[in-house]
Every structure is written in C-alpha cells, then in structure tokens.
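Architecture and fold: a report
Given next are the chains, with one letter for each unit.
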Amino acid sequence: IGADNHTLLVSNLQDGVDIYAILPVQPLRLLKHAICSNVALVISLALEGELVVVSSDDGAVHVYDQCLGTLVALLPHGYSK
C-alpha cells in the first residue's frame, strides 16, 4: 500500500513494479527494471512515499521517484553487476 493509502505497489514478475490506484482500480504507472529471474522482491517507501525503494534479483537496489516514475538512483549491493 502506498503512503497515501490510495495506491498499491506490486512487483509484476516481468518488467518492474506496477502502481495501481485502489479505487477506482486502474493502473497508474510502471517503475521499469529488468528482471532475470522471478524472486520475491522487497518494496519499501521512503520520504513519506516520495521514493519507492525496490530490491532486485541481481542484488542492486533501485530507487524511484513515485510521482514521476523515474529511476533516481541505482545502488550496487551484494552480488549486483
């Protein structure tokens, strides 16, 4: 659930994280990143929901601006490439 309690963030197992409006149910945007293998990803919010922090299957951490849907940082972590 997004910080505004009106959105739902879901890893789509194909190409990133989908953000949906809860009522009425409709897609709002895609936070796109490559997915090589389907694993459970952690999605967290920062700065009162302004930023979406997403883990990845290669160990990198993706940080997105939730309103714009743009990648603002890619943080190598673990065994990321």
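Structural data are supplied above this passage.
Below: a short report on this structure.

The rules behind the values
Along each chain, residues carry numbers from 1 onward, in the same order as the chain's sequence is written. Two thresholds apply to this predicted model, a pLDDT of at least 70 for residue-level local features and 80 or more for giving and counting side-chain atom pairs, whereas whole-chain, interface and lining totals are computed over all residues. Side-chain metrics in this entry use all non-hydrogen atoms of the structure; hydrogen atoms and water are not considered. Here a strand is any run of E in DSSP of at least two residues, a helix any run of H or I of at least four, and the numbering for each starts at the N terminus. C-alpha atoms define the radius of gyration, and 2.2 Å times the number of residues to the power 0.38 defines the globule rule. What makes two strands pair is DSSP finding at least two bridges between them. Orientation is described by lines fitted to C-alpha atoms, with helices fitted over the stretch in contact, and by angles between N-to-C directions that extend from 0 to 180 degrees.

Turning next to the overall build of the protein chain. When its secondary structure is counted, the protein chain shows 0 helices and 7 strands. Of the regular secondary structure in the protein chain, the N- to C-terminal order runs β-β-β-β-β-β-β. The C-alpha radius of gyration of the protein chain comes to 12 Å, within 12% of the 12 Å expected for a compact globule of 81 residues. Projected onto its principal axes, the C-alpha positions of the protein chain cover 40 × 25 × 15 Å.

One open sheet accounts for 3 strands, arranged 1-2-3; its pairing is antiparallel. Each edge of the sheet is formed by a strand with only one pairing partner; in this case those strands are strand 1 (7-11) and strand 3 (26-32). Going from strand to strand, the sheet's axes swing by 25 degrees on average, the running direction of each strand aside.

Sheet topology note: the strand 4 (residues 43-46)/strand 5 (residues 51-54) ladder contains 4 bridges and is antiparallel. When the bridges of strand 5 are listed, Ala46 appears paired with Leu51. Counting the residues in the hairpin turn of strand 4 and strand 5 gives 4 residues, including Leu47, whose phi is positive at 50 degrees. Pairing of strand 5 with strand 6 (residues 61-65) involves 4 bridges; the strand directions are antiparallel. Of the residues in strand 6, the one forming a bridge with Val53 is Val63. Hairpin geometry of strand 5 and strand 6 is characterised by an intervening segment of 6 residues between the two adjacent antiparallel strands and by a positive phi of about 95 degrees at Gly59.

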